[in-house]
Structure formats: structure tokens, C-alpha cells
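If you want the building blocks of each chain, they are given just below.
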Protein chains: 2
Amino acid sequence: MTDLADLRLTPQRMAVLEVLRAADDHPTAAEVYERVRRTSPRIGSATVYRTLSLLVSTGRALELNLGDGAAARYDANTCRHDHAVCDGCGRAVDLDHPVPDGMMAEIARRSGFAITGYDLQFRGMCPDCQANSSDPARAAGGTGPTVNTHAKGALHAEA
Amino acid sequence: MTDLADLRLTPQRMAVLEVLRAADDHPTAAEVYERVRRTSPRIGSATVYRTLSLLVSTGRALELNLGDGAAARYDANTCRHDHAVCDGCGRAVDLDHPVPDGMMAEIARRSGFAITGYDLQFRGMCPDCQANSSDPARAAGGTGPTVNTHAKGALHAEA
DNA sequence: AGTGATACTGAGATTCGTTCTCAACCAGTG
DNA sequence: CACTGGTTGAGAACGAATCTCAGTATCACT
């Protein structure tokens, strides 16, 4: 872990951290930049990028790769958690449901890797998008799990 | 399943699919391009990109986002599987160890999402990199499991 | 305060992966 | 044969992220 000692808490860095802490979505670097500029209009994008990776490397933020092919996202919630990403609107919600330790150990044993962590994202439709896309009647109820194993290409092999 | 009907099997597309099937690593689009050019020197990169996303959208290939911030990777192994990514050398090995159904259902129930799939990557150090980075003595002896150390290996089926 | 070393900043250029544009090209159909 | 519509390849364009570099702020010491 990069020494915390040589990390100066400059106004720019504070501003970035503030924005990240205030965000409850998972903003991209560009979004962070845009928000930071509202309070620190003179900040440059390079500084935002630098600061974000600094925060990540010192454990003050998490970098998410939601695999939507687009930009990296950042999360000030540094506790171990996973995400469910909506195929409809792209929104990501936090999940608190760790992979069982036994599974990690098993993976480590089988692969020989020294496992240090994992990234897990579920994909699917958020309640809102289910409501909008499929028949709106059923959506309102919304409680149904509907573990729909069969949407586009996600999980089938075609031999 | 996106219609297979309207997918013309042109020589270029065949070449890309061939390369992907022959690969046991997880090549990036650029790597696929490079390999395809060995047999089809006149192919353009746009065609390779187009073909890859075509293959992905018709379920013939998987697109991986190994979160190393870099390019997307492609995998002709379309069976549901996960990966362990080495922080040292960036190599990714296949894992065959699905998340328990109960967990998916639980996530779906809690979040209200209609879960269609998930992406799971473990991070850590592969046996080789463990050997090289920590004391080299231990490396040779291979105290650990030392599964299939050779690069690019898929290590399903250890059991 | 003064001085030098060092870290930080911001603007712009640069790189890289990917997608878009568009003219030329083929493969079928009438 | 001409038409039609999907396909190709070259290069331009794009967005994300990083790099470069001169200027600036901050620290450690005197």
C-alpha cells in the first residue's frame, strides 16, 4: 500500500474525495470531473484522474469495471461488496452478500493461485426496467424473484 | 438467440472464428487481428472488431472484461465459467466452479433484479508469479498445489 | 525570511482501443 | 443483365486514460 505519509491532502484531492463520498451512484471519472468542477472550476481532468487512481491505490476508493465496455467507475464505499448491474439502464446497485469462504479456498486450491480478492457482478434487469419493458401490470408487484436464466446470450453455450 | 439465418459465413468470419477456437489464451481483439492476418493478410481491423461482436452477440464467443483497464478479451469457450486473473502477469485461467444457485436466487430476491447472469473474476498471483516474486527457492520445489503451471492453461477438471 | 528540493497542478498532446463512414465489392434474385 | 442488400477494408473519428512539461505550491532547513 502506497505510504499514506507522502500523500498530501491538497484542496483538489479533498474536492475529489468529497464528490466521491457524496455520490451514491457510481460515477465515472468524467462524471467526477464534472461534479468537482462545480466547486473547483480550475481543476484539470488530469488531476482528477491522478487523484482517483491515488485514492484507489491507497484504499480510499474502489474502481469498478462494470464491463459495459465503457469507462471505469468509482465507489467511495470501500467495504467488500458486489454489484448488480442493470442491462436496461446501466445502473449498478450495491450488494452485500459475500462469496462463501469455502468457495475461495476451493478455487485457490484448484488453481494454485494465491487469491487476494474477487470481482463479482450480477447482470439483469432492475425492478424499474422490468416494469417498463415487460408488461407494466406485473411489474408493480415486483417482488417476484424471477431468476430468469434465459435472456440474451448471457449464459448459454451452444456447443 | 439472434437469428443464425442472417449470419453469412464469409471467409473473413470463418478466419476469425478459427483463430478464436484455436486460442487457448484469452486474446484481445488486437491479438485476434494479428493472428488472423497470418492467414488472411488483407483483412481489416474493422472487420475483426465487427466479427467479434457478431460472434459475441450470437453466442459463439464470450467477451471478457478482466478489469485490467485494458482491452476486452475474447473466449471461444462459451460454457459458463469464471476466471482467475494474475496480478503479476495478467494471465487469466479458466475456472469451472459456478456460484451456487441459492446465492443467485438470494441476490435476486433481495435486490428485486431479474438476474440473467454474472461475471466473476478472482484476483491473485498465479503459481509462476508467486515463485518469481517471493523467495525463488520455494518456487522450484513447488510447495503449493502447483497445478498446471504452464501459461494459457485452462484448468478445469482438476478433481 | 530565504533557499533548495520535492511534490502537485493544469493544459494540451498523445496513446490506445474501438467504432464510424464510405466507396468498392460480392452474392444472390428477378 | 441490372438491382438489392449485406460485407469489406482503409482511414477518419471518437472517448477514455495517460503522459509531458512548465509553472506553482509546500516542505525541511538554515
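Residues numbered from 1 in each chain as written. Chains lettered and ligands numbered in written order. Predicted model: local features only at pLDDT ≥ 70, side-chain atom pairs only at ≥ 80, totals over all residues. Heavy atoms only, no water.

Going by the annotation in an unreviewed UniProt entry, the name recorded for chain A is Transcriptional repressor, with Candidatus Frankia alpina given as the source organism. Among the UniProt annotations of chain A, the heading Sequence similarities (unreviewed entry) holds the following wording: "Belongs to the Fur family." (UniProt positions renumbered as here; feature names shortened; annotations may be inferred.)

Visitor: For the relation of the copies chain A and chain B, give the residues involved together with the corresponding values.
Guide: Taken as rigid bodies, chain A and chain B are interconverted by a rotation of 180 degrees and an axial shift of 0.1 Å, the fit giving an RMSD of 0.1 Å. Such values leave the two copies arranged in the relation of a two-fold axis. Considering only C-alpha atoms, the residue of chain A closest to the rotation axis is Leu 120 of chain A, which sits at 2.2 Å. With an isologous cut-off of 70% or more, the 85% of interface residues of chain A that recur at the interface of chain B puts this contact in the isologous class. (Least-squares fit on C-alpha atoms with pLDDT ≥ 70 in both. Contact = heavy atoms within 4.5 Å.)

Visitor: Could you give an account of the side chain of Gln 121 of chain B, naming the residues involved and the relevant values?
Guide: Topologically, Gln 121 of chain B is positioned in strand β5 (residues 114-125). In terms of polar contacts, Gln 121 of chain B uses its side chain to reach the side chain of Arg 123 of chain B, at 3.3 Å. (Helix = DSSP H or I, 4+ residues; strand = E, 2+ residues; numbered from the N terminus. Polar contact = N/O pair within 3.5 Å; in protein donor to acceptor, adjacent residues only side chain to side chain.)

Visitor: Please provide a residue-by-residue account of the protein's contact with DNA strand D, values included.
Guide: Near DNA strand D there are 17 residues, and of these Ala 72 of chain A together with Thr 10, Arg 13, Thr 47 and Arg 50 of chain B occur at the shortest range. Take the atoms of DNA strand D that sit within 4 Å of the protein: sugar and phosphate atoms are 71% of them. At 3.3 Å, a backbone N or O of Arg 42 of chain B approaches a phosphate oxygen of DNA strand D. Where the surface near DNA strand D is concerned, the elements lending two or more residues are α3 (45-57) of chain A together with α1 (11-22) and α3 (45-57) of chain B. (Near = heavy atom within 4 Å.)

Visitor: Summarise the sheet that holds strand β4 (residues 92-95) of chain A; cite the residues concerned and give the values.
Guide: Sheets are built from strands that pair by backbone hydrogen bonding, the pairs being arranged parallel or antiparallel. Overall, mixed pairing links the six strands, which are arranged β4(A)-β3(A)-β5(A)-β5(B)-β3(B)-β4(B) in an open sheet. The outermost strands of the open sheet, each flanked by one partner alone, are β4 of chain A together with β4 (92-95) of chain B. Sheet twist, expressed as the average angle between the axes of neighbouring strands with direction ignored, equals 25 degrees. In this structure, strand β3 (residues 82-86) of chain B lies alongside β4 of chain B, joined through four bridges in antiparallel fashion. Within β4 of chain B, the residue paired with His 83 of chain B across the bridge is Asp 94 of chain B. (Pairing = 2+ DSSP bridges. Axes fitted to C-alpha atoms, helices over the stretch in contact; angles between N-to-C directions.)

Visitor: A description of the protein's contact with DNA strand C should follow, citing residues and the corresponding values.
Guide: In the vicinity of DNA strand C, 17 residues are found, and the nearest of them are Thr 10, Arg 13, Thr 47 and Arg 50 of chain A together with Ala 72 of chain B. For DNA strand C, the fraction of protein-proximal atoms (within 4 Å) that sit in sugar or phosphate groups is 72%. Side-chain polar atom of Thr 10 of chain A to a phosphate oxygen of DNA strand C: 2.6 Å apart, as the coordinates give it. Note that a base nitrogen of DNA strand C is positioned 2.7 Å from one of the side-chain N or O atoms of Arg 50 of chain A. When contributions to the surface near DNA strand C are tallied by element, the ones reaching two or more residues are α1 (11-22) and α3 of chain A together with α3 of chain B. Its residues assigned to classes, the surface near DNA strand C comprises seven nonpolar, four polar and six charged. (Nonpolar A, V, L, I, M, F, W, Y, C, P; charged D, E, K, R; others polar.)

Visitor: Please provide a residue-by-residue account of the packing of aromatic side chains, values included.
Guide: Two aromatic rings are characterised by how far apart their centres lie and by the angle between their planes. Enumeration over the complete set of coordinates arrives at two aromatic pairs over all chains. Ring centres of Tyr 118 of chain A and Phe 122 of chain B lie 5.9 Å apart, and the angle between their planes is 50 degrees; this geometry places the pair in the tilted category. Pair noted here: Tyr 118 of chain A is in strand β5 (residues 114-125) and Phe 122 of chain B is in strand β5, and the two residues belong to different chains. Taking the relative accessible area as the measure of exposure, Phe 122 of chain B reaches 1% and is therefore buried. A cation over an aromatic ring shows up here: Arg 80 of chain A above the ring of Tyr 118 of chain A, its NZ or CZ 3.9 Å from the ring centre. (Phe/Tyr/Trp six-rings, centres within 6.5 Å; stacked < 30°, edge-to-face > 60°. Buried < 20%, exposed > 50% of the residue type's maximum accessible area, 1.4 Å probe, protein only. Lys NZ or Arg CZ within 6 Å of the ring centre and 35° of its normal.)

Visitor: Mind laying out the environment of Gly 117 of chain B, listing which residues take part and the relevant values?
Guide: Residue and element names in this part refer to chain B. Secondary-structure assignment places Gly 117 in strand β5. By relative accessible area, Gly 117 is classed as buried at 2%. Measuring from C-alpha to C-alpha, the distance between Gly 117 and Met 104 comes to 8.7 Å, with 13 residues separating the pair along the chain.

Visitor: Break down the pattern of salt bridges for me, with residues and values.
Guide: All names here are of chain A. Counted by the stated rule, this structure contains 15 salt bridges over all chains. Glu 106 serves as the salt-bridge partner of Arg 109, at 3.3 Å between the closest nitrogen and oxygen. Here the residue Arg 109 and the residue Glu 106 both occupy positions in helix α4 (residues 101-111), the gap between them amounting to three residues, near one helical turn. A salt bridge links Arg 110 to Glu 106, with the nearest nitrogen and oxygen atoms 3.1 Å apart. On the criterion of helical spacing, the pair formed by Arg 110 and Glu 106 is a turn pair, its members being four residues apart in helix α4. Its relative accessible area of 21% is what places Arg 110 among the partly exposed residues. (Salt bridge = Lys/Arg side-chain N within 4 Å of Asp/Glu carboxyl O.)

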